[in-house]
Amino acid sequence: MIFGLFFDYTVTMKLSLSARERIFAAFLVLPCLLFVAIFAFYPILYSFYLSLHRIILSLPGLKQPFIGLANYRELLHDAVALHSLVNTFAFVFASTFFELVFGLIIALIINRHFSGRGIVRAAVLVPWAIPTVVASQMWRFIFNDNYGLLNYLLFGSGVTSYKAWLADPFFAFSAIVVADVWKTSSFAALIILAGLQTIPDELYEAARIDGAGAWNRFRSITLPLIKPALLIALLFRTMDAFRVFDLVFVMTQGGPADSTNVLQFYGYKKIFAEGLMGYGSTISVLVFLVTFSVSLLYIRMIGSRILQEKT
Amino acid sequence: MKRTCLSSSRHRAGIWPVLKGLTVCLVLALALIMPACKKKETAGTTTVRFVTWKPNQPAVWDEIIRTFEAGHPGIRVVRETGPHSSTGFHDLLTQKLKNKSPDVDVFFMDVIWPSEFAAAGWAMPLDSYFPQGERNKFLDGTVLANTYKGHIYGVPVFVDGGMLYYRKDLLEKYGFKPPRTWGEMVSQAKKITSGEAADNVAMEGFSGQFKQYEGLVCDMMEYILSNGGNIVDPDTGQPGIAAKPAVDAVRFVRDQIIGNIAPEGELTYEEPESLALFTQGKAVFLRNWPYAWEVSNDPSRSRVAGKVGIAKLPHFPGGRSYSTLGGWQLAISSYSKHKDAAWTFIKFLTSSRIQKLLAVKAGLAPTRKALYDDGDILKADPQFRSMKDVFLTAYPRPRSPLYPAISNILQRYFSSAISDRNSDIEGEARKASQEMEKIIALTRE
């Protein structure tokens with residue numbers, strides 16, 4: 001009813017049809033915009049607001065003075081933040097790389113016709129469906145030095161000293177990458193599979209008739225045609241990987257020797273453990289800015305690709 | 001670009017699904033909000049919400065709550081159980097208190113939190129409930145830890161102090177007395193493990209808590225203090241970790257403990273993992289809190305029941321034994337709506353009767369001085385007789401409203417110093433010391 005009345009009202013206002021449609025469209029989008037404004041823009045703006053203040057929860061006597069960009073200046077000189085930023089980038093790079101490689105392999109396999117494909121497709125998604133906290137706990141057990149599955153597989157049960165994977169800075173970091181790759185490769189596979197299914201079989205038939213081998217068919221047909229899907233998978237995975245938190249929280253708490261301390265975990269510690277709301281928010285804003293610029297970059301790339309295809 | 005013209009009827013046809021969708025969303029949103037609206041309490045019953053951690057001995061705590069409710073029909077206790085780890089529990093609790101949640105009445109407070117919670121206004125001062133005369137009945141150190149700017153904010157329930165557990169049978173077998181210095185401990189551990197290895201028994205020499213977390217600070221502080229060093233100098237208030245005794249103690253842990261008599265896996269251990277190694281019979285020595293006595297002597301949970309001895313922690317030549325003061329207090333949230341009922345509950349939990357129960361059944365060391373002469377307790381926990389001194393002199397961690405920030409700096413420093421054989425301990429210590437100075441300066445403003 002309301003919509004009808006609204007529409008009639010725009011008619012009586014004697015606006016052009018296209019203007020009326022635009023107004024109507026805006027009206028329909030409004031609830032969604034409101035939702036985004038409340039749950040996305042407000043927290044971001046509020047974090048930014050907090051980051052311009054010095055707020056220390058356990059020292060209310062200091063009040064909460066506005067200090068401009070002082071928190072950001074401090075962040076620039078914060079060796080721990082820099083270290084965790086490097087860790088985060090290393091994690092993003094390593095995990096998205098392997099996830100795309102494995103995702104592509106999985107997608108190619110489950111795109112083929114074979115008996116039991118339905119079950120395999122469902123099974124591939126299981127890791128992705130497990131909550132990260134649960135998966136992290138599982139991997140923590142797998143990497144445990146005393147009763148971990150990995151040590152059992154490598155050394156059997158009769159050895160006195162095992163490898164303590166999570167006690168070594170390099171292996172602890174790798175362990176987190178492994179857990180993430182295991183968990184989210186199937187997500188990348190799912191998106192790439194969607195891309196694969198849009199490739200018409202005729203292209204492969206024609207290529208085969210022309211005498212193209214499997215590698216050439218993959219390189220000249222499959223790869224170019226699934227590029228948009230790959231880019232989308234890359235976008236999602238990069239942004240997600242940049243915000244890694246739960247794996248670190250459960251598996252290592254940032255240790256040993258801060259080797260697995262990532263930006264999100266550092267910010268969390270500042271806000272929740274140390275009560276430094278202002279400085280912690282500054283770290284959150286940094287995480288937001290980096291993810292935002294990465295996504296802008298990707299969206300431009302994907303957007304331009306799609307436009308190219310249309311012309 | 002072409003724009004398709006839609007007739008008005010097509011528009012309306014497109015609207016109804018949207019409306020339906022909106023309705024569904026609204027209903028869902030309401031369904032989410034509704035449970036938050038609280039049910040009315042039955043007349044005459046007050047609900048006390050108790051935020052606690054996952055206990056090591058859940059059955060004992062169940063019994064205590066049941067006893068309380070039976071004796072106080074007007075009060076119902078609802079427990080909310082947080083993580084076992086102190087740090088995890090802190091994050092959960094402060095999140096609630098920061099939001100002024102009325103769902104917290106009574107909560108557990110680690111010995112390092114009272115300054116922070118008092119300064120932030122989260123814990124209410126208990127001066128009127130807990131007068132000086134009553135406070136005098138508790139161990140001095142525990143009362144001091146709960147005092148901030150002359151007011152008291154918590155009532156200590158049990159006290160913790162680091163102590164050395166050892167395998168009585170093995171030390172006897174090799175003709176050793178409990179070690180008095182850290183060096184002695186290392187050489188005994190090496191002799192015993194190599195001797196046992198000859199008999200095909202795989203063992204580690206020592207187990208402790210060396211993961212990057214709060215426990216690491218407790219363990220490392222004991223090494224540093226027992227070498228005459230300091231975390232924060234009590235006279236000047238300045239950090240002491242870059243001074244020679246402190247640096248030497250840290251180097252000892254890196255070179256003589258980790259990867260020598262303790263497995264590298266120790267760098268990932270908190271209390272439960274380090275205790276498990278000991279109760280499985282795979283470690284000669286263990287540094288842990290008093291609760292480990294109960295667990296390691298329980299035949300259903302331990303393979304070494306009856307073979308466990310305890311002693312003061314060793315020290316370095318020329319130093320003396322130190323034990324980090326731990327333990328838990330009960331406090332009332334400033335935002336509680338049932339403060340009197342909350343106090344009734346705290347008074348009950350910290351009474352002689354319950355502390356005795358906790359000592360006998362859960363091995364938790366009482367905070368009331370008089371209980372250290374109680375026959376029943378000493379029969380159940382003969383270790384308390386020799387540990388009383390340890391508890392009386394247990395050393396507190398730096399008391400500061402910003403202790404969590406100080407602790408995070410220390411955790412980072414200790415973890416990097418001991419997990420890398422080639423770490424530049426002096427350099428790292430200086431850096432950590434400067435970071436600490438910055439934090440300490442903030443509290444002086």
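Residues numbered from 1 in each chain as written. Chains lettered and ligands numbered in written order. Predicted model: local features only at pLDDT ≥ 70, side-chain atom pairs only at ≥ 80, totals over all residues.

### Structural notes on the overall build of chain A
1) Next: Within chain A one finds 15 helices and zero strands.
2) Next: Here the C-alpha atoms of chain A give a radius of gyration of 25 Å, more than 25% beyond the 19 Å that 2.2 N^0.38 yields for 311 residues.
3) Next: Judged by the C-alpha coordinates and their principal axes, chain A covers about 85 × 75 × 35 Å.
4) Next: Looking at chain A as a whole, 33% of its 311 residues are labelled buried.
5) Next: For chain A, contacts bridging at least 24 residues in sequence account for 68% of all contacts bridging at least 6. (Helix = DSSP H or I, 4+ residues; strand = E, 2+ residues; numbered from the N terminus. Rg over C-alpha atoms; globule rule 2.2 N^0.38 Å. Buried ≥ 20, exposed ≤ 12 C-beta atoms within 10 Å, placed from the backbone. Contact = placed C-beta atoms within 7 Å.)

### Quick word on the overall build of chain B
1) Next: Helix and strand content of chain B: 18 helices and twelve strands.
2) Next: Projected onto its principal axes, the C-alpha positions of chain B cover 95 × 70 × 55 Å.
3) Next: The long-range share in chain B, meaning contacts at least 24 apart out of those at least 6 apart in sequence, stands at 72%.

### What about the sheet that holds strand β1 (residues 46–53) of chain B?
All names here are of chain B.
1) Next: Strands sit in the order β2-β1-β3-β11-β6-β12 across an open sheet of six strands; the sheet is mixed. The sheet terminates laterally at β2 (75–82) and β12 (365–366), the two strands that pair on one side only.
2) Next: Pairing geometry for β1 and β2, over eight bridges, is parallel. Residue pairing across strands places Trp53 opposite Gly82, the latter belonging to β2.
3) Next: Running over the sheet, helix α16 (residues 383–393) touches β6 (155–161) and β12 and is turned about 105 degrees from β6. (Pairing = 2+ DSSP bridges. Axes fitted to C-alpha atoms, helices over the stretch in contact; angles between N-to-C directions.)

### Section: the interface of chain B and chain A
1) Next: Facing 40 residues of chain B, the contacting portion of chain A comprises 33 residues.
2) Next: Considering each element in turn, the side of chain B that touches chain A owes the most residues, seven residues, to helix α17 (residues 403–419) of chain B.
3) Next: For the side of chain B that touches chain A, the residue count by class is 15 nonpolar, 15 polar and ten charged. (Nonpolar A, V, L, I, M, F, W, Y, C, P; charged D, E, K, R; others polar.)

### Topic: unusual backbone geometry
1) Next: Even without a glycine there, the phi angle at Lys63 of chain A is positive, about 60 degrees.
2) Next: Along the polypeptide, Lys63 of chain A turns up in the loop between α2 (17–51) and α3 (70–76).
3) Next: Despite not being glycine, Lys149 of chain B has its phi angle at roughly 50 degrees, a positive value.

### Structural notes on the pairing of β6 of chain B
Residues and elements named next belong to chain B.
1) Next: With seven of seven residues buried, β6 lies mostly within the body of the structure.
2) Next: Two strands pair when backbone bridges link them, and β6 and strand β11 (residues 325–332) are joined in this way by six bridges, in the antiparallel orientation. Each bridged residue has a counterpart across the sheet, and for Val155 the counterpart in β11 is Leu330.

### A closer look at the pairing of strand β3 (residues 106–110) of chain B
Residues and elements named next belong to chain B.
1) Next: Burial analysis of β3 places five of its five residues in the buried class, the great majority of the element.
2) Next: The pairing of β1 with β3 spans two bridges and is parallel. In the sheet register, Phe50 faces β3, and the bridge partner there is Val106.
3) Next: Here β3 runs beside β11; their pairing, made up of five bridges, is antiparallel. Each bridged residue has a counterpart across the sheet, and for Val106 the counterpart in β11 is Ile332.

### As for the domain arrangement of chain B
Residues and elements named next belong to chain B.
1) Next: Looking at the assigned domains, one finds that chain B contains domain 1 (46–160 + 325–393) and domain 2 (163–323 + 399–444).
2) Next: With centres defined by C-alpha atoms, the gap from domain 1 to domain 2 works out at 27 Å.
3) Next: Each partner contributes residues to the interface: domain 1 has 18 residues there, and domain 2 has 19 residues.
4) Next: Looking at the side of domain 1 that touches domain 2, its residues break down into seven nonpolar, eight polar and three charged. (Domains from an automatic or database assignment.)

### As for the packing of α17 of chain B against helix α18 (residues 425–444) of chain B
All names here are of chain B.
1) Next: One way to put it is that α17 packs onto α18 with a least axis distance of 10 Å and a crossing angle of 175 degrees. With respect to α18, the axis of α17 lies roughly antiparallel. Contacts between α17 and α18 pair Ala405, Ile406, Ile409, Leu410, Tyr413, Ser416 and Ala417 from the former with Ile425, Glu428, Ala429, Ala432, Glu435, Met436 and Ile439 from the latter.
2) Next: For the contact of α17 with α18, the per-class residue count stands at eleven nonpolar, one polar and two charged. (Parallel < 35°, antiparallel > 145°, perpendicular 65-115°, else oblique.)

### Topic: the nonpolar core
All names here are of chain B.
1) Next: In this structure, Tyr165, Val250 and Phe285 are the most contacted members of the largest nonpolar core, which totals 168 residues.
2) Next: Among the elements that take part in this core, α17 stands out by supplying nine residues, more than any other.
3) Next: Summarising the domain contributions, this core has at least three residues from each of domain 1 (46–160 + 325–393) and domain 2 (163–323 + 399–444).
4) Next: Not counting chain neighbours up to four residues away, the residues in contact with Val250 comprise Met220, Phe414, Ala417, Ile418 and Ile425. (Core = buried A, V, L, I, M, F, W, Y, C linked by C-beta atoms within 7 Å.)

### Let's talk about helix α9 (residues 214–225) of chain B
Residue pairs three or four apart in sequence face the same way in an α-helix, which turns once every 3.6 residues.
All names here are of chain B.
1) Next: Between its terminal C-alpha atoms α9 stretches 17 Å, which fits the 16 Å expected from twelve residues at 1.5 Å a residue.
2) Next: Within the span of α9, buried status applies to Glu214, Gly215, Leu216, Val217, Cys218, Asp219, Met220, Met221, Glu222, Tyr223, Ile224 and Leu225.
3) Next: Check the buried side of α9 and you find it contacts α3 (86–98), α10 (244–257), α11 (271–279), β9 (283–288), β11 and α17. (Expected span 1.5 Å × (residues − 1).)

### A closer look at the environment of Val86 of chain A
Residue and element names in this part refer to chain A.
1) Next: Relative to the elements of secondary structure, Val86 occurs in helix α4 (residues 79–111).
2) Next: Given 12 C-beta atoms within 10 Å, Val86 falls into the exposed group.
3) Next: Note: C-alpha distance between Val86 and Glu274 (188 residues apart in sequence) is 22 Å.

### Re the packing of α9 of chain B against α10 of chain B
All names here are of chain B.
1) Next: Two elements in contact, α9 and α10, have axes whose closest approach is 8 Å; the angle formed by their N-to-C orientations is 120 degrees. Judged by the angle between their axes, α9 and α10 are oblique. Note that α9 runs across α10; the crossing there is right-handed. Of α10, the residues touching α9 (which contributes Met220, Tyr223 and Ile224) are Ala246, Ala249, Val250, Phe252 and Val253.
2) Next: The residue inventory of the contact of α9 with α10, partitioned by class, reads eight nonpolar, no polar and no charged. (Left-handed = near helix turned anticlockwise from the far one by under 90°.)

### Overview of the sheet that holds strand β10 (residues 308–311) of chain B
Residues and elements named next belong to chain B.
1) Next: Ordered in space as β8-β9-β7-β10, the four strands form an open sheet in which the pairing is mixed. Each edge of the sheet is formed by a strand with only one pairing partner; in this case those strands are β8 (204–207) and β10. Going across the sheet, the axis of each strand differs from the next one's by a mean of 20 degrees, ignoring polarity.
2) Next: Taken together, the four bridges between strand β7 (residues 163–167) and β9 define a ladder with antiparallel strand orientation. Each residue of the ladder has a partner; that of Met163, found in β9, is Asn288.

### Topic: the confidence of the model for chain B
Note that predicted coordinates carrying low pLDDT should not be read in detail.
All names here are of chain B.
1) Next: Averaged over chain B, the pLDDT score is 88; the fraction of residues at 70 or greater is 90%.
2) Next: A low-confidence stretch, residues 1–14 stays under pLDDT 50, and its non-local contacts, those more than four residues away or across chains, total six contacts.
3) Next: Contacts from residues 36–41, a stretch scored under 50 in pLDDT, to residues over four places away or in other chains number one contact.
4) Next: Quick note on the complex model: pTM equals 0.82, ipTM equals 0.81. (pLDDT = per-residue confidence, 0-100.)

### Considering the confidence of the model for chain A
1) Next: Averaged over all residues, the pLDDT of chain A equals 87, while 92% of them reach at least 70.
2) Next: No element of chain A has a lower mean pLDDT than helix α1 (residues 2–12) of chain A, which averages 61, and none a higher one than α4 of chain A, which averages 94.

### Thoughts on helix α7 (residues 132–142) of chain A
Residue and element names in this part refer to chain A.
1) Next: Within α7, burial applies to Ala135, Ser136 and Trp139. Down the axis of α7, the buried set is contained in an arc of 100 degrees. They therefore lie on one face. Of the residues in α7, the exposed ones pointing more than 90 degrees away from the buried face are Val133, Val134 and Phe141.
2) Next: Looking at the buried positions of α7, the neighbouring elements they touch are α6 (126–129), α9 (169–197) and α13 (246–251). (Arc of directions from axis to C-beta.)

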